[in-house]
Amino acid sequence: EVADFFPDLGEEGKWLHCTAAVIRDSQRSLVGAISTLEDVTDRKLAEEKYRSIFENALDGIFQTTPTGRIINANPAFARILHYHSPEELCGSLSDITHELYVHPERHRELLDLVEKQGLVRDFEVEYFRKDQNVVWVNLNMRAVRNSVGEMLYLEGSAQDITERKVLEARLLQVQKMETIGTLAGGIAHDFNNILAAIVGYTEIAKSRLRQKELSTYLDRVLDASERARDLVGQILTFSRSA
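This write-up is about the structure you can find in this document. Computed from a prediction, not measured in an experiment: that's the story for all the values here.

Looking at the overall build of the protein
- Counting its regular elements, the protein contains seven helices and eight strands.
- In terms of C-alpha radius of gyration, the protein reaches 37 Å, well past the compact-globule figure of 18 Å for 242 residues.
- Per-residue burial over the protein gives 29% buried out of 242 residues.
- For the protein, the share of sequence-separated contacts (at least 6 apart) that also reach a separation of at least 24 residues comes to 40%.
- For the protein, the accessible area works out to roughly 16,300 Å², and carbon and sulfur atoms hold 53% of it.

Here it is, written out as structure tokens:
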């Protein structure tokens, strides 16, 4: 049983699948053979087209067993995880739940969703690369089943979204700082108003006071108020820069 390409058949050649069975007589001697030829050109072209798409896709494409072993992967998926080749990737990982997923419970969550829905889109997870650095990926996954509904394997695509996640984290930090700055500015202004009243009334009391001992205490109130005013100034400076 063999398939081969015959360039002289038709306008662009043909792929033919050949099967042969020997014919023997009653003494088991070979007396002939029966051969069949099947034109499998369309199937071969489809396979080559799929293989080309699989090998040259920008997104990672892979297949895994339900137990967590990678059985097939394209070069893009290997690159995302910093492996030299799909073969090295498939041979290096035997339990992706614990070896690939930063948070193993996310893989179990993904499997549950695939089991319930059949297809899962835009599932974001963190993977360990070969060097143990972390990469964020966006997954699309589906289950491939046999005729009686048993899951044979899972296949999916992965897109590296690490850069987007980093930018989102930075934006969130900026928004937090802006919120803190606004809050700090409001507090500082209110506190400044309170300090103004403390300082003002203390100076009035001191100007009318004749007892030296009490005047010393009021001086300490004024000193503390000045230190508090300096602190308010620092807070306002922070709120304007946040």
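Considering the sheet that holds strand E5 (residues 70-73)
- Judged by pairing direction, the sheet is antiparallel, and its five strands sit side by side in the order E5-E4-E8-E7-E6 without closing on themselves. The open sheet has two edge strands with one neighbour each: E5 and strand E6 (119-128). Along the sheet, successive strands turn relative to each other by an average axial angle of 30 degrees, direction set aside.
- Note that E6 and strand E7 (residues 134-145) share eight bridges and pair antiparallel. Directly across from Phe123, in E7, lies its bridge partner Leu139.
- Helix H5 (residues 104-117) rests against E6, E7 and strand E8 (151-160) of the sheet, and its axis sits at about 165 degrees to E6.

A few points about the packing of aromatic side chains
- Scanning the model with the defined rule gives two aromatic pairs in all.
- With a centroid separation of 4.5 Å and an interplanar angle of 20 degrees, the aromatic rings of Phe62 and Phe77 are classed as stacked. With Phe62 in strand E4 (residues 60-64) and Phe77 in helix H2 (residues 75-80), this residue pair connects regions lying 15 residues apart in the sequence. The same class applies to Phe62 and to Phe77, which are both buried.
- With centroids separated by 4.9 Å and ring planes inclined at 80 degrees, the aromatic side chains of Tyr101 and Tyr127 adopt a geometry described as edge-to-face. With Tyr101 in the loop between helix H4 (96-99) and H5 and Tyr127 in strand E6, the pair connects residues that are 26 residues apart, well separated along the chain.
- Residue Tyr101 is classed as buried on the basis of its relative accessible area, which comes to 2%.
- One residue, Lys165, lies across the ring of Trp136, its end atom 4.5 Å from the ring centre.

With respect to the nonpolar core
- Among the nonpolar cores identified, the biggest contains 26 residues, and Phe77, Leu81, Tyr127 and Leu139 are the most heavily contacted of them.
- Listing elements by their share of this core, those giving two or more residues are E5, H2, H5, E6, E7 and E8.
- Setting aside residues up to four positions removed in sequence, Tyr127 forms contacts with Phe62, Phe77, Leu81, Leu100, Tyr101, Val102, Asn133, Val134, Val135, Val137 and Leu139.
- Ala188, Leu195, Val232 and Leu236 belong to the second largest nonpolar core, which has five residues in total.

As for unusual backbone geometry
- Here Arg28, not a glycine, exhibits a phi torsion of approximately 70 degrees, which is positive.
- Here Arg28 lies in the loop between strand E2 (14-24) and strand E3 (30-39).
- On the basis of relative accessibility, which here comes to 60%, the residue Arg28 falls in the exposed class.
- Phi angles above zero are rare outside glycine, and Asp122 is one such case at about 55 degrees.
- Here Asp122 lies in strand E6.
- Taking relative accessible area as the criterion, Asp122 reaches 56% and is therefore assigned exposed.

Here's the deal with the pairing of E5
- Bridge count for E4 against E5 is three bridges, and the pairing is antiparallel. The residue bridging Phe62 from the neighbouring strand is Ala73, located in E5.

Here we look at H5
- Compared with an ideal rise of 1.5 Å per residue, which puts 14 residues at 20 Å, H5 spans 20 Å between its outermost C-alpha atoms and is within 8% of the ideal.
- Residues Pro104, His107, Leu110 and Val114 constitute the buried set of H5. The buried residues of H5 occupy one face: seen down the axis, they fall within an arc of 115 degrees. Structural note: H5 exposes Lys116 and Gln117 on the side pointing more than 90 degrees away from its buried face.
- Check the buried side of H5 and you find it contacts H4, E6, E7 and E8.
- Directly beyond the C-terminal end of H5, a positive phi value near 85 degrees is found at Gly118.

Reading the values: the criteria
Residues numbered from 1 in each chain as written. Predicted model: local features only at pLDDT ≥ 70, side-chain atom pairs only at ≥ 80, totals over all residues. Heavy atoms only, no water. Helix = DSSP H or I, 4+ residues; strand = E, 2+ residues; numbered from the N terminus. Rg over C-alpha atoms; globule rule 2.2 N^0.38 Å. Buried < 20%, exposed > 50% of the residue type's maximum accessible area, 1.4 Å probe, protein only. Contact = heavy atoms within 4.5 Å. Areas by Shrake-Rupley, 256 points an atom, 1.4 Å probe, with all protein chains shown as cover. Pairing = 2+ DSSP bridges. Axes fitted to C-alpha atoms, helices over the stretch in contact; angles between N-to-C directions. Phe/Tyr/Trp six-rings, centres within 6.5 Å; stacked < 30°, edge-to-face > 60°. Lys NZ or Arg CZ within 6 Å of the ring centre and 35° of its normal. Core = buried A, V, L, I, M, F, W, Y, C linked by side-chain atoms within 4.5 Å. Expected span 1.5 Å × (residues − 1). Arc of directions from axis to C-beta.

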